[in-house]
Amino acid sequence: MSDAGFGIYVHWPFCAAKCPYCDFNSHVRAQFDDLEWARAIVRELEHVASLQGDERPIVQSIFFGGGTPSLMSGAAAGTVLDAIARLWRSSNDIEITLEANPASAEAARFRDYRAAGINRVSLGVQALNDADLKFLGRLHNVAEAKAALAMAMQTFERVSLDLIYARPNQTAAQWERELTEALAFGTEHLSLYQLTIEPATPFATLARTGALTVPDDDSAAGLYELTQAMTQAANRPAYEVSNHAAPGAECRHNLIYWRYGAYAGAGPGAHGRLDLGGKRVATVCEKLPERWQNRVAREGYGIVEFEEIAAEDAAREHLLMNLRLTEGIDLQRWQSRWGVAPNTAQIAALADAGFLAQDGAILKATPQGRLVLNSVIAELVG
C-alpha cells in the first residue's frame, strides 16, 4: 500500500473547440446533458468503490480535468461531489480542483462551483498576448483571461495559472516580460509548460511541412533556466519540472501522482492506479465519450483495461514519476515497497555525469539533469 495518499480524477471530455496543440482526450459536441454525464460518472465511481470494499482509503484530493470542466454546471459538479462524499471518507482539508477555461468563465458559474465544494481552480490562460492566443487556438483574449483570473481569485481559496512558453519565434526577452506579468498576478501556483509538438495534432502537420518551428534545444533550455530563476526569485520555486508554487501551495492531487499514490479515474479515457488486496492495478476507461456512456449504461462502468502491475514495472513507474519532483525519491522506501534493488552502477554513472545527486537514501535530479530528465530517467529505468 502507498503512503502517498488517494485521490479521484474525474475526466470531463467536452470542449468548445479543439486546440491545435492538444492531444488530450477531448471532444467538441454541440450539445450534451451535463447532469446525464455526471450521473454516468457517479455510476463508475460506485463501481470503483465496490472494488475497494470496506477498507476504502480516505480521499485527499479530487480533480476535475478535461476537456473543459468549466463547461459543466455547478449542479453537475455537485452531483459528482455528493456521490464521492457518500462513497468515501474525505480528509478535513481535502483539495478539490476544477480546470477552467477563461472563455467559459462566468461569475455565477464560479459561485456555483464554490457552493458545490470546489476550493481550487486551475485556469488555462496559456499566453498573455492576443496574437499567440489566436495561434494556440484559444477562444479567449488577454482581457478576458485577466477578467477570469480576477474572478477566480475573488471566488476560490486557491488558484493556479497555466501558461505555455517556447512558442514559435518567442524570445527570452518576450518570455521574461510575459512571466513577469504572470507572477505579478500573485496566484499561489503556476503551471508553466514548454510547447511540445504532439503526434496526430494539427501542429504536428504544420511542423512536418516546415510551417511551424519551435525554439531549438539550446534556446528552449535557456527559456527553462530563465523560468526557474524568475519563479525562484518570486517565491514560486519549481517543485516539479513544470509546476511552481509558494511553499505549501503545491497541487496535492498531482503530488499523489508523482509520489505514486493511488487514484481512481472516472470518465471517458480516465486512467487509474488502485491498490487492491495488496496488488497494484492499472485501469483505463473507454476513450470515446459515447462508447463510454453506453458501456456505463450497460455494465455500470466504462473501464476497458484492468491489469495488475508487476512489482518490477510498478517500481519503474514509481521512479519515473517521483524523480520529476524537486524533493526526489527515498530509495530505501522505494525498495521496501517494491522489493526491487536500485541500479547503483547506473545511478553512480549518472551522478558522475552531473545528472543525479544522492544524499543518503534521497536521489534527486540535478539542475543539469532536469534539463534532460526524460533521457536520464530512460537510462535509469531502461
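Because the structure is predicted, anything quoted here is derived from the model rather than measured. (Residues numbered from 1 in each chain as written. Predicted model: local features only at pLDDT ≥ 70, side-chain atom pairs only at ≥ 80, totals over all residues. Heavy atoms only, no water.)

1. Re the pattern of salt bridges
Then, number 1: Throughout the structure, instances matching the rule amount to 18 salt bridges.
Then, number 2: Among the salt bridges present, the one from E181 reaches K146, with a minimum N-O distance of 2.7 Å. Here the residue E181 occupies a position in helix α6 (residues 172-184), and K146 occupies one in helix α5 (residues 142-155), the gap between them amounting to 35 residues.
Then, number 3: Residue class for K146 comes out partly exposed when judged on its relative accessible area of 34%.
Then, number 4: In this structure, the salt-bridge partner of R259 is E327, at a minimum N-O distance of 2.9 Å. Taken together, the positions of R259 in the loop between α9 (252-258) and β11 (262-266) and E327 in the loop between α11 (311-322) and β15 (329-330) put the pair 68 residues apart, joining distant regions of the chain.
Then, number 5: Counted as one network, the salt bridges with shared partners bring together E95, R158 and E188. (Salt bridge = Lys/Arg side-chain N within 4 Å of Asp/Glu carboxyl O. Helix = DSSP H or I, 4+ residues; strand = E, 2+ residues; numbered from the N terminus. Buried < 20%, exposed > 50% of the residue type's maximum accessible area, 1.4 Å probe, protein only.)

2. Things to note about the packing of helix α3 (residues 107-116) against α5
Then, number 1: Orientation of α3 relative to α5, taken along the N-to-C sense of each, is 30°, at an axis distance of 10 Å. Accordingly, the angle class assigned to the pair α3 and α5 is roughly parallel. Helix-helix and strand crossings are classified by hand; for α3 and α5 the assignment is right-handed. In contact with A107, F110, R111 and R114 of α3, α5 contributes A148, M151, A152 and T155.
Then, number 2: Each residue belonging to the contact of α3 with α5 can be placed in one class, and the counts come to five nonpolar, one polar and two charged. (Axes fitted to C-alpha atoms, helices over the stretch in contact; angles between N-to-C directions. Parallel < 35°, antiparallel > 145°, perpendicular 65-115°, else oblique. Left-handed = near helix turned anticlockwise from the far one by under 90°. Contact = heavy atoms within 4.5 Å. Nonpolar A, V, L, I, M, F, W, Y, C, P; charged D, E, K, R; others polar.)

3. Comments concerning the pairing of strand β5 (residues 90-100)
Then, number 1: With five bridges connecting them, strand β4 (residues 59-66) and β5 associate as parallel partners. Across the sheet, the residue bridging to F63 is T97, located in β5.
Then, number 2: Once you follow β4 into helix α2 (residues 74-87) and on to β5, the crossover reads as right-handed.
Then, number 3: Bridge count between β5 and strand β6 (residues 120-126): four bridges; the pairing is parallel. (Pairing = 2+ DSSP bridges. Right-handed = clockwise from strand over helix to strand, strands pointing away.)

4. Comments concerning the sheet that holds β15
Then, number 1: A sheet is described by the order of its strands in space; here three strands give the open sequence β15-β17-β16, paired in antiparallel fashion. On the outer flanks of this sheet lie β15 and β16 (356-359), each paired with one strand and no other.
Then, number 2: Bridging between β16 and strand β17 (residues 362-365) involves four bridges; their strand directions are antiparallel. Paired with A357 across the two strands is K364, which belongs to β17.

5. Things to note about unusual backbone geometry
Then, number 1: Looking along the chain, the bond that leaves G66 and enters G67 is cis, with omega of 15°.
Then, number 2: Within the secondary structure, G67 sits in the loop between β4 and α2.
Then, number 3: In this structure, Q126 is a non-glycine residue whose phi angle is positive, near 75°.
Then, number 4: Inspection of the secondary structure assignment puts Q126 in strand β6.

6. Details of the nonpolar core
As a rule of thumb, soluble globular proteins bury nonpolar side chains together.
Then, number 1: Counting 101 residues, the largest nonpolar core has I8, L45, F64, W88, I118 and L380 as the members making the most contacts within it.
Then, number 2: Examining the composition of this core, we find that seven residues originate from one element, helix α1 (residues 34-52), more than from any other.
Then, number 3: The contact partners of I8, leaving out residues within four places of it in the chain, are L45, V59, S61, I62, F63, I84, W88, H253 and A264.
Then, number 4: Counting residues in each nonpolar core, the second largest holds eight residues, with A127, L195, F203 and L212 among its members. (Core = buried A, V, L, I, M, F, W, Y, C linked by side-chain atoms within 4.5 Å.)

7. Focus: the side chain of R370
Then, number 1: Of note, R370 is situated in helix α14 (residues 367-371).
Then, number 2: Put simply, R370 is tucked away with no salt bridge, and the nearest opposite charge, on E240, sits 6.3 Å away.
Then, number 3: Among all residues touching R370, those that are not within four sequence positions of it are Y224, E240, V241, L323, R324, L325, T326 and A365. (Lys, Arg positive; Asp, Glu negative; His and termini not counted.)

8. A few points about α1
Then, number 1: The terminal C-alpha atoms of α1, which comprises 19 residues, lie 27 Å apart, in line with the 27 Å expected from a rise of 1.5 Å per residue.
Then, number 2: Residues D34, W37, A38, A40, I41, V42, E44, L45, H47, V48, A49 and Q52 constitute the buried set of α1.
Then, number 3: The backbone nitrogen of L35 has a side-chain oxygen 3.1 Å away, supplied by the residue at the start of α1, namely D33.
Then, number 4: Where α1 terminates, the next one or two residues include G53, which has phi positive at roughly 70°. (Expected span 1.5 Å × (residues − 1). Polar contact = N/O pair within 3.5 Å; in protein donor to acceptor, adjacent residues only side chain to side chain.)

9. Focus on the environment of V376
Then, number 1: Locating V376 in the fold gives a position in helix α15 (residues 373-381).
Then, number 2: It is 9.6 Å that separates the C-alpha atoms of V376 and L320, two residues lying 56 residues apart in sequence.
Then, number 3: When residues no more than four places from it in sequence are discounted, the contact partners of V376 are L350, F355, L356 and G369.

10. Some words on the packing of aromatic side chains
Then, number 1: On inspection of all chains with the given rule, the structure shows 11 aromatic pairs.
Then, number 2: Where F6 meets W88, the ring centres are 6.2 Å apart and the plane angle is 40°; that geometry is what we call tilted. Linking F6 in strand β1 (residues 6-12) with W88 in the loop between α2 and β5, this pair joins segments that are 82 residues apart in sequence.
Then, number 3: Using a relative accessible area of 2% as the deciding quantity, one classes F6 as buried.
Then, number 4: Residue W88 is classed as buried on the basis of its relative accessible area, which comes to 4%. (Phe/Tyr/Trp six-rings, centres within 6.5 Å; stacked < 30°, edge-to-face > 60°.)

11. Description of the pairing of β17
Then, number 1: Residues of β17 alternate between two faces, with L363 and A365 buried on one and I362 and K364 left unburied on the opposite face.
Then, number 2: In this sheet, β17 lies alongside β15 in antiparallel orientation, the contact comprising two bridges. Paired with I329 across the strands is L363, a residue of β17.
Then, number 3: Linking β16 to β17, which pair antiparallel, is a turn of two residues; within it G360 sits at a positive phi near 65°.

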